[in-house]
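# Structural overview for review
Here is what each chain is made of, one letter per residue.
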Amino acid sequence: MTDAARRSPVIFDGHNDLILRLINGDITAERVRDGCADGHIDLPRAKHGGLAGGFFAIFVPSPAESAFSMEEFSKPAYDLPLPPPVDHATARVITEQGFAAARALEEAGVIRICTDVDALETAMQGPSMAAVLHIEGAEAIGPDIAELEGFHARGLRSLGPVWSRPTIFGEGVPFRFPSGPDIGPGLTEAGKRLVRECNRLKIMIDLSHLNAKGFDDVARLSDAPLVATHSNALAVCEHARNLSDRQLSMIAETDGMVGINLATGFLRPDGQMRADTGLDDLLRHLDHLLQMLGEDRVGFGSDFDGAIVPEVIGDCSGLPNLRQALRQRGYNEALMQKLCHGNWMRVLRKTWEG
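Cut-offs applied
- Residues numbered from 1 in each chain as written.
- Predicted model: local features only at pLDDT ≥ 70, side-chain atom pairs only at ≥ 80, totals over all residues.
- Heavy atoms only, no water.
- Helix = DSSP H or I, 4+ residues; strand = E, 2+ residues; numbered from the N terminus.
- Rg over C-alpha atoms; globule rule 2.2 N^0.38 Å.
- Buried < 20%, exposed > 50% of the residue type's maximum accessible area, 1.4 Å probe, protein only.
- Pairing = 2+ DSSP bridges.
- Contact = heavy atoms within 4.5 Å.
- Axes fitted to C-alpha atoms, helices over the stretch in contact; angles between N-to-C directions.
- Arc of directions from axis to C-beta.
- Phe/Tyr/Trp six-rings, centres within 6.5 Å; stacked < 30°, edge-to-face > 60°.
- Lys NZ or Arg CZ within 6 Å of the ring centre and 35° of its normal.
- Core = buried A, V, L, I, M, F, W, Y, C linked by side-chain atoms within 4.5 Å.
- Parallel < 35°, antiparallel > 145°, perpendicular 65-115°, else oblique.
- Left-handed = near helix turned anticlockwise from the far one by under 90°.
- Nonpolar A, V, L, I, M, F, W, Y, C, P; charged D, E, K, R; others polar.
- Salt bridge = Lys/Arg side-chain N within 4 Å of Asp/Glu carboxyl O.

### Concerning the overall build of the protein
Along the protein, the regular secondary structure elements total 14 helices and 11 strands. The globule rule puts the C-alpha radius of gyration for 354 residues at 20 Å, and the 18 Å found for the protein is close to it. Projecting the C-alpha coordinates of the protein onto the three principal axes gives extents of approximately 55 × 45 × 40 Å. Taken across its 354 residues, the protein has 60% of its residues classed as buried.

### Considerations on the sheet that holds strand 11 (residues 298–300)
Strand order in the open sheet made by the 3 strands is 9-10-11, with parallel pairing throughout. Sheet topology places strand 9 (227–228) and strand 11 at the edges, where each strand pairs with a single neighbour. As paired elements, strand 9 and strand 10 (residues 257–260) share 2 bridges and run parallel to each other. Paired with Ala228 across the two strands is Val258, which belongs to strand 10. The sheet contacts of helix 14 (residues 333–353) involve strand 9, strand 10 and strand 11, and relative to strand 11 the element is tilted by about 110°.

### What to know about the pairing of strand 1 (residues 11–16)
Across the 6 residues of strand 1, 6 count as buried, placing the element largely inside the fold. One ladder, built from 4 bridges, connects strand 1 with strand 2 (residues 51–59); its direction is parallel. Opposite Asn16, over in strand 2, you have Phe56 as the bridge partner.

### Topic: the side chain of His209
Within the secondary structure, His209 sits in the loop between strand 8 (204–205) and helix 9 (212–221). Residue His209 is classed as buried on the basis of its relative accessible area of 5%.

### Topic: helix 7 (residues 146–153)
Burial in helix 7 covers these residues: Glu147, Leu148, Phe151 and His152. Down the axis of helix 7, the sector holding all buried residues measures 140°, keeping them to one side. The exposed residues of helix 7 that point more than 90 degrees off its buried face are Ala146 and Ala153. Buried-residue contacts for helix 7 involve helix 5 (88–107), strand 5 (129–136), strand 6 (156–160) and helix 8 (189–201). Gly155, located one to two residues past helix 7, shows a positive phi value of around 115°.

### Comments concerning the packing of aromatic side chains
Summed over all chains, the structure comprises 9 aromatic pairs. Ring centres of Phe12 and Phe55 lie 5.8 Å apart, and the angle between their planes is 65°; on these two criteria the pair is classed as edge-to-face. Of this pair, Phe12 sits in strand 1 while Phe55 sits in strand 2, placing them 43 residues apart in sequence. Look at Phe55 and you get buried, because its relative accessible area is 0%. Both rings, one in Phe175 and one in Phe266, keep their centres 6.3 Å apart while their planes meet at 15°; by these two values the pair is stacked. Linking Phe175 in strand 7 (residues 175–177) with Phe266 in helix 11 (residues 264–267), this pair joins segments that are 91 residues apart in sequence. Neither Phe175 nor Phe266 differs from the other in exposure class; each is buried. Taken together, the ring pairs connect Phe59, Phe73, Tyr78, Trp163, Phe175, Phe177 and Phe266 into an aromatic cluster. One Lys or Arg, Arg154, reaches over the ring of Phe99 and ends 4.6 Å from the middle of that ring.

### Side note on the nonpolar core
Among the nonpolar cores identified, the biggest contains 88 residues, and Leu148 and Leu159 are the most heavily contacted of them. Beyond its immediate chain neighbours, meaning those up to four positions away, Leu148 contacts Ile141, Leu156, Leu159, Leu194, Glu197, Cys198, Leu201 and Ile203. Counting 19 residues, the second-largest nonpolar core is a separate cluster that includes Phe12, Ala52, Ala130 and Val132.

### Quick word on the packing of helix 10 (residues 245–253) against helix 12 (residues 280–293)
Contact pair helix 10 / helix 12: the axes reach a minimum separation of 9 Å and the direction vectors enclose 50°. In terms of orientation, helix 10 and helix 12 fall into the oblique class. For the pair helix 10 and helix 12, the crossing hand works out as right-handed. Only His288, Leu289, Met292 and Leu293 of helix 12 make contact with helix 10, whose side of the interface consists of Asp245, Leu248, Ser249, Ile251 and Ala252. Of the residues that constitute the contact of helix 10 with helix 12, the class distribution is 6 nonpolar, 2 polar and 1 charged.

### Section: unusual backbone geometry
Cis geometry marks the peptide bond from Ser8 to Pro9, where omega comes out at -5°. By secondary structure assignment, the location of Pro9 is in the loop between helix 1 (3–6) and strand 1. A cis amide bond, omega -5°, links Phe177 with the succeeding residue Pro178. With respect to the secondary-structure elements, Pro178 resides in the loop between strand 7 and helix 8. Positive phi, close to 60°, is recorded for Lys202, a residue that is not glycine. Its place among the elements puts Lys202 in the loop between helix 8 and strand 8.

### Regarding the pattern of salt bridges
Inspection of every chain in the model, using the stated rule, returns 31 salt bridges. A salt bridge links Arg268 to Asp270; the nearest nitrogen and oxygen atoms lie 2.9 Å apart. Overall, the relative accessible area of 10% leaves Arg268 in the buried class. The shortest N-O distance in the salt bridge between Asp287 and Arg329 comes to 2.6 Å. Here the residue Asp287 occupies a position in helix 12, and Arg329 occupies one in the loop between helix 13 (319–328) and helix 14, the gap between them amounting to 42 residues. Residue class for Asp287 comes out partly exposed when judged on its relative accessible area of 29%. Judged by its relative accessible area of 36%, Arg329 is partly exposed. Within this structure, Arg92, Glu96, Glu147 and Arg154 form a network of salt bridges that share partners.

In structure tokens form, the structure reads like this:
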């Protein structure tokens, strides 16, 4: 197989945390453009692997003293407490840094920020990665939701109301194994307002990290497809971050979709966050999601630069190994096109233009 064939179909990915690396000062936009030896994403490796774009998350990390060690994920069972809430003022500052980092990436030619599907499809064929700006955890938005419209004007088109910690809008699931996602209360009144405003502005609502009661509240309130950008199947890995068959059926009913997360702790049946994980576990999730959702409602949401991924992929340059595994599983080229990018374009068009 030629190198061009190994890079095809190009992949549009549901989630990455590259912007956080710029916020933290780990890397510059110029280094992402020119190539670097660490992390999961830079422009040369993206071209090599056929990563044509994705959702670029703006995320406010928890304070260092509340961060947990990855060693916790090596235990047979674990239940990491939810980090404390992040205050609004701090979140605003860091979110502003995230928008500035996204603009720096665009000015360096790494990404092209897109706000409609036609622009995404054009950008995926160009020299830069096509980017949807996403906020993961809405702590930078106050209870009156006043900031949302300004963020939308600056290019925001996707938002997760929570990460795995409490907010004024609702609660995320903890990193708990074994466990399902039915943990904690549903959306607050502010959370319900946030859903309605996202619908009004045509901002996609991301259900990844949201607990089951919050998920149900979004399903009752939202007029858009239900989408989880980087989540997996609870039936394969009993982790609180994964989706139950009941939730998957609700997503299918709204013609939404799920992006498969490459984080190994959400893939492996034993919940271990270990790099020495083959792709068989990922393929079991894919088979199950296709069975529950159908071939038009599944894609990928790697969590690059935010998780430990299978070493057989390693970083975005290793995505040809994922395509090879799909072909060996018997997926035909038409389905490959849908999984790699077509389904994301479909659900975004329905969400943004519906």
